[in-house]
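Residue-level structure breakdown
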Amino acid sequence: MTAANPSSSSQAEFEKIDASFQMTVRDHVHRAMRSAIISGRFQPGQKINERNLAEQFGVSTTPIKEALRQLETEGLVEALPRRGVVIRFSMSWAEEMILARAALESMIAHLAAKRIDEKGKAALSVIATRMKEATASGDADSLIALNETFHDHVHKSSQCGYLAKLIERQQFYDASIRRVIHLDPTERQKALDEHVAIAEAIAAGDADKAERTMRDHVVRSGDTYLSIVFKKKGEV
């Protein structure tokens, strides 16, 4: 994708959809739009031009409308009478999403510490070891993938159904922003220390510590995300 100037009011730009992609057109549009919104390529309150988007993606307006309806259920856009669809994602909105994710992730970690079995503990240890290796080598792409693997494993170990469903809507970090964060050696080490502490608390069955360390990790990493996406734009 070609990133637009985030301080500009012009529409973010997108590439046409490759027909060989193994996902529906609507899902592709949704994923691309979601990534653009959460990485700050649209301004809060900016109106979405559906026809322009359809031309950029090389599709009809139908999948655009479907994707926007899905984004509206996630709270990222809003359909307003006589105005059309506008961007609702802003710094304050992102802060609330971070706090919501912190609350959910911390409770999932709490339950994981109570419910994880020996096989799960061993797998979590392996993931933490791989994170140490990737941190030492500065492999940002591996760290992005391992971070998702780590949290997915915690979710699986918690045996949660309802909470896991709720947290799906709180996944809003864009891969490009994650890469910027993980290219910083200091941030990489902080994230590693936090993940190791979470893994150790879960493996030890210390539910309260697992909950606390997970919450602190999500809030701190969320603050880092906010500083990159919004403070560079001067948004308050």
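Just above sits the structure.
Now for a quick tour of the structure. (Residues numbered from 1 in each chain as written. Predicted model: local features only at pLDDT ≥ 70, side-chain atom pairs only at ≥ 80, totals over all residues. Heavy atoms only, no water.)

Some points on the overall build of the protein chain
On a plain count of helices and strands, the protein chain comes out with 10 helices and 2 strands. Overall, the protein chain shows an N-to-C arrangement of helices and strands of α-α-α-β-β-α-α-α-α-α-α-α. Within the protein chain, the fraction of its 236 residues that count as buried is 47%. When contacts within the protein chain are restricted to residue pairs at least 6 apart in sequence, those whose partners lie at least 24 apart make up 76%. A total of about 12,000 Å² of accessible surface is found on the protein chain, and carbon and sulfur atoms cover 51% of it. (Helix = DSSP H or I, 4+ residues; strand = E, 2+ residues; numbered from the N terminus. Buried < 20%, exposed > 50% of the residue type's maximum accessible area, 1.4 Å probe, protein only. Contact = heavy atoms within 4.5 Å. Areas by Shrake-Rupley, 256 points an atom, 1.4 Å probe, with all protein chains shown as cover.)

Concerning the pattern of salt bridges
When the charged atoms of two side chains with opposite charge come close together, those side chains can pair. Summed over the entire model, instances satisfying the criterion amount to 9 salt bridges. For arginine 88, the salt bridge goes to glutamate 78, with nearest N and O atoms at 2.5 Å. Of the two residues, arginine 88 sits in the loop between β2 (84-87) and α4 (91-115) while glutamate 78 sits in strand β1 (residues 77-80), which places them 10 residues apart along the sequence. When its relative accessible area of 27% is taken as the criterion, arginine 88 is described as partly exposed. The class of glutamate 78 is partly exposed, set by a relative accessible area of 28%. For arginine 220, the salt bridge goes to glutamate 194, with nearest N and O atoms at 2.4 Å. Highlighted residues: arginine 220 in helix α10 (residues 207-229) and glutamate 194 in helix α9 (residues 185-203), separated in sequence by 26 residues. (Salt bridge = Lys/Arg side-chain N within 4 Å of Asp/Glu carboxyl O.)

Quick look at empty space enclosed by the protein
The final tally for this structure, using the stated rule, is 2 cavities of 30 Å³ or more. Estimated volume of the largest cavity: approximately 150 Å³. For the lining of the largest cavity, the secondary-structure elements that each account for two or more residues are α6 (140-158), α8 (175-182), α9 and α10. When the residues that make up the lining of the largest cavity are grouped by side-chain class, the tally is 4 nonpolar, 6 polar and 3 charged. The space that makes up the second largest cavity amounts to roughly 40 Å³. In terms of residues, the lining of the second largest cavity owes the most to one element, α9, which gives 4 residues. In terms of residue class, the lining of the second largest cavity is made up of 4 nonpolar, 3 polar and 1 charged. (1 Å grid on protein atoms, 1.4 Å probe; cavity = no way out; pocket = protein on both sides within 12 Å on 5 of 7 lines; lining within 4 Å. Points joined across faces, edges and corners; volume = space filled by probe spheres on them. Nonpolar A, V, L, I, M, F, W, Y, C, P; charged D, E, K, R; others polar.)

What about the packing of helix α1 (residues 25-38) against helix α3 (residues 61-73)?
At a closest axis distance of 8 Å, the pairing of α1 and α3 adopts a crossing angle of 55°. Between α1 and α3, the crossing angle belongs to the class labelled oblique. Where α1 crosses over α3, the handedness of that crossing is right-handed. Where α1 abuts α3, its residues Val25, Arg26, Asp27, Val29, His30, Met33, Arg34 and Ile37 lie against Pro63, Ile64, Glu66, Ala67, Leu68, Gln70 and Leu71. Classifying every residue of the contact of α1 with α3 gives 9 nonpolar, 2 polar and 4 charged. (Axes fitted to C-alpha atoms, helices over the stretch in contact; angles between N-to-C directions. Parallel < 35°, antiparallel > 145°, perpendicular 65-115°, else oblique. Left-handed = near helix turned anticlockwise from the far one by under 90°.)

Description of the pairing of β2
When β1 meets β2, the two strands line up antiparallel, connected through 4 bridges. What sits directly across from valine 77, in β2, is isoleucine 87. Once β1 ends, the chain turns through 3 residues before running back antiparallel as β2, passing arginine 82 with a positive phi of about 65°. (Pairing = 2+ DSSP bridges.)

Comments concerning the environment of aspartate 152
With respect to the helices and strands, aspartate 152 occurs in helix α6. For aspartate 152, a relative accessible area of 48% corresponds to the partly exposed category. Spatially, the C-alpha atom of aspartate 152 lies 9.4 Å from that of alanine 164, the residues being 12 residues apart in sequence.

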